[in-house]
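What follows is each chain in one-letter form.
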Amino acid sequence: MTPLSNSLADADIANVLHPNTNMRQHERTGPLVIDRGEGIRVYDNTGKEYIEGLAGLWSVAVGFSEPRLAEAAHRQMLKLPYYHTFSSKSHEPSIRLAEKLVEMTPPNISRAFFTSSGSEANDTIVKMVWYMNNALGRPNKKTFLSRIKGYHGITVASGSLTGLPTNHRDFDLPAIPVHHLTCPHFYRFGVPGEDEAAFTARLLAELETVIATEGADTIAAFIGEPLMAAGGVMPPPVGYWEGVERICRAHDILIVSDEVICGFGRLGMPFGCQKYGFTPDIMTLSKQITSSYMPLAAVLFSDPIYQAIADNSEKIGMFGHGYTASGHPVATAVALENLAIIEERDLMGNAARLEAQFQAGLQAFADHPLVGEARGAGLIGAVELVADKETRKPFDKLGRAGALASTIGHEEGLIFRAIGDQLALCPPLIVTPNDITEIMTRMGRTLDRLTGAVAAEGLA
């Protein structure tokens, strides 16, 4: 038995397995213990202040310590702290939230199913689509199309949809039928002599070829983030989503819009599919749905999908899927209050109004000697670190420059996400113009200090 420790850091090292972490490195350096949050800032257990430039994990829309969300949770805890939604049971918060989400999403969306995370939601989507196709007499229509560098979660099925090698390696993933297409990031995946229009055309031709080779009767759905986020913040090239939708419709392939990060105003519009002009059959929602104050996610889907599922549940006796916390009353009550705050304070409009300042701040780093590309949309963006700007050559020790940047950023009081050597920012939707100025100032100091740190390690 590990003895109790008076040091939080020691107790963490001794007892906690951290996600997305090099555990031996963690044993050497220990955790950054966050003690409290207020607005766009968090404070560690020594009292040091940080701007939370990633909104936690792309998710705290209304900022930290919003009293209305704590009060909503408290009220619901006192009234009905838990009940399930199995076997036709229900409760008001989940009913009202489903009603609200159907109202907010595109007109073809008619139903909601609740889970506790985006990973569970995308896992559910795989099962729902397989269930539907079996019900429709299409047992071979099971393959999902995803993209290299796409992120859709980390369970067995959703982790298979994810297109990041570190999330597959030694987990025996992919474990479901999935085909990963070329990442739609022109800067990194374009070829010499190719402009953005030609790049888009090549990716759409690849999609057509895969469908022809595999057979449309075997492909169930195309899943994608409107703007790819966790893989490095990559907006799609012009015409990409329009072409994907046209091709999928022609071949009876469902479109799944993974809105876990893009949804609820991150891009200055309610959902990313609206930003990029396509209509999905299924949507995955999470993160900003509760500002991550409570674990919650939702699968939103169209009526034809519902009708096939409902008919099959009648035929075989039930839809045999669900979670203990599906539609948890406290989580759904917090979500309703969170969405009310987003609407009352026009936080989606705030993202749209501040997009130009935020993106200009990122573009100002494009001339920095370590920055190959600055990119983004709405209130999400990234700078990509490179060893050689002219050739776009990455660092030989991939991820080391990003790790150094993250450490320096902490010292400068700025938390961002180092995705390999891509530094991502995604601040809470409550940011002000002054906040953005301060974020960019701290990022600028981080990059300037990083130049010396990279040289000292012989990376450049």
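Residues numbered from 1 in each chain as written. Predicted model: local features only at pLDDT ≥ 70, side-chain atom pairs only at ≥ 80, totals over all residues. Heavy atoms only, no water.

> Can you help me understand the overall build of the chain in this one?
Looking only at helices and strands, the chain features 16 helices and 15 strands. Its C-alpha radius of gyration of 22 Å places the chain within 12% of the 23 Å reference for a compact globule of 460 residues. Its C-alpha atoms give the chain principal-axis dimensions of about 65 × 60 × 50 Å. When burial is assessed residue by residue, the chain has 52% of its 460 residues classed as buried. Counting only contacts in the chain whose residues sit at least 6 apart along the sequence, the fraction spanning at least 24 positions is 69%. Summing over all exposed atoms, the chain offers an accessible surface of approximately 19,900 Å²; the carbon and sulfur share of this is 54%. Computed over 39 positive and 52 negative side-chain charges, the inter-centroid distance for the chain is 2 Å. (Helix = DSSP H or I, 4+ residues; strand = E, 2+ residues; numbered from the N terminus. Rg over C-alpha atoms; globule rule 2.2 N^0.38 Å. Buried < 20%, exposed > 50% of the residue type's maximum accessible area, 1.4 Å probe, protein only. Contact = heavy atoms within 4.5 Å. Areas by Shrake-Rupley, 256 points an atom, 1.4 Å probe, with all protein chains shown as cover. Lys, Arg positive; Asp, Glu negative; His and termini not counted. Charge placed at Lys NZ, Arg CZ, Asp CG, Glu CD.)

> What should I look at first to understand the environment of Asn312 in this one?
For Asn312, the location among the structural elements is in helix α12 (residues 303-316). Spatially, the C-alpha atom of Asn312 lies 38 Å from that of Val60, the residues being 252 residues apart in sequence. In this structure, Asn312 is in contact with Tyr131, Ala135 and Gly317, ignoring residues within four places of it in sequence.

> Is there a simple way to explain the environment of Ile282 in this structure?
With respect to the helices and strands, Ile282 occurs in strand β9 (residues 282-285). In the structure, Ile282 is positioned 70 residues away from Ala352 in sequence and 25 Å away in space, judged by C-alpha atoms.

> Just checking my understanding: could you explain the sheet that holds strand β15 (residues 422-425) for this structure?
Adjacent strands of a sheet pair through backbone hydrogen bonds, lying either parallel or antiparallel. One open sheet holds the 4 strands; their spatial order is β11-β12-β15-β14, and the pairing between them is antiparallel. Edge strands, defined here as strands with exactly one partner in the open sheet, are β11 (371-377) and β14 (417-419). On average, each strand axis in the sheet is inclined to that of its neighbour by 20 degrees, with strand direction left out of account. Along the sheet, helix α16 (residues 433-456) makes contact with β11, β12 (380-385) and β15, crossing β15 at roughly 165 degrees. (Pairing = 2+ DSSP bridges. Axes fitted to C-alpha atoms, helices over the stretch in contact; angles between N-to-C directions.)

> Whenever I open this one, the packing of helix α5 (residues 92-104) against helix α13 (residues 329-344) confuses me. Can you help?
Describing two packed helices takes the angle between their axes plus the distance from one axis to the other. The N-to-C vectors of α5 and α13 enclose an angle of 40 degrees; their axes lie 8 Å apart at closest approach. In terms of their interaxial angle, α5 and α13 are classed as oblique. As α5 packs across α13, the resulting crossing turns out to be left-handed. On α13, the residues that touch Pro93, Ser94, Arg96, Leu97, Lys100, Leu101 and Met104 of α5 are Pro329, Thr332, Ala333, Ala335, Leu336, Leu339 and Glu343. (Parallel < 35°, antiparallel > 145°, perpendicular 65-115°, else oblique. Left-handed = near helix turned anticlockwise from the far one by under 90°.)

> Quick question: what am I supposed to make of the pattern of salt bridges here?
Pairs can form between side chains of opposite charge once their charged atoms are near each other. According to the stated counting rule, one finds 27 salt bridges in the structure shown. Linking Glu38 and Arg36 is a salt bridge whose minimum nitrogen-to-oxygen distance equals 3.8 Å. For Arg36, a relative accessible area of 43% corresponds to the partly exposed category. Residues Arg41 and Glu49 are paired through a salt bridge, measuring 2.6 Å at the closest nitrogen-oxygen approach. Note on Glu49: relative accessible area 21%, which makes it partly exposed. (Salt bridge = Lys/Arg side-chain N within 4 Å of Asp/Glu carboxyl O.)

> Is there a simple way to explain the layout of surface pockets in this structure?
To find leftover empty space, one rolls a probe the size of a water molecule over the atoms. Put simply, the second largest pocket is a space of about 910 Å³. In this structure, the second largest pocket is lined by 29 residues; those nearest its centre are Thr85, Ser88, Ala112, Phe113 and Phe319. When residues of the lining of the second largest pocket are traced back to their parent elements, those giving at least two are α5, β4 (109-115) and α12. Considered class by class, the residues forming the lining of the second largest pocket number 15 nonpolar, 12 polar and 2 charged. (1 Å grid on protein atoms, 1.4 Å probe; cavity = no way out; pocket = protein on both sides within 12 Å on 5 of 7 lines; lining within 4 Å. Points joined across faces, edges and corners; volume = space filled by probe spheres on them. Nonpolar A, V, L, I, M, F, W, Y, C, P; charged D, E, K, R; others polar.)

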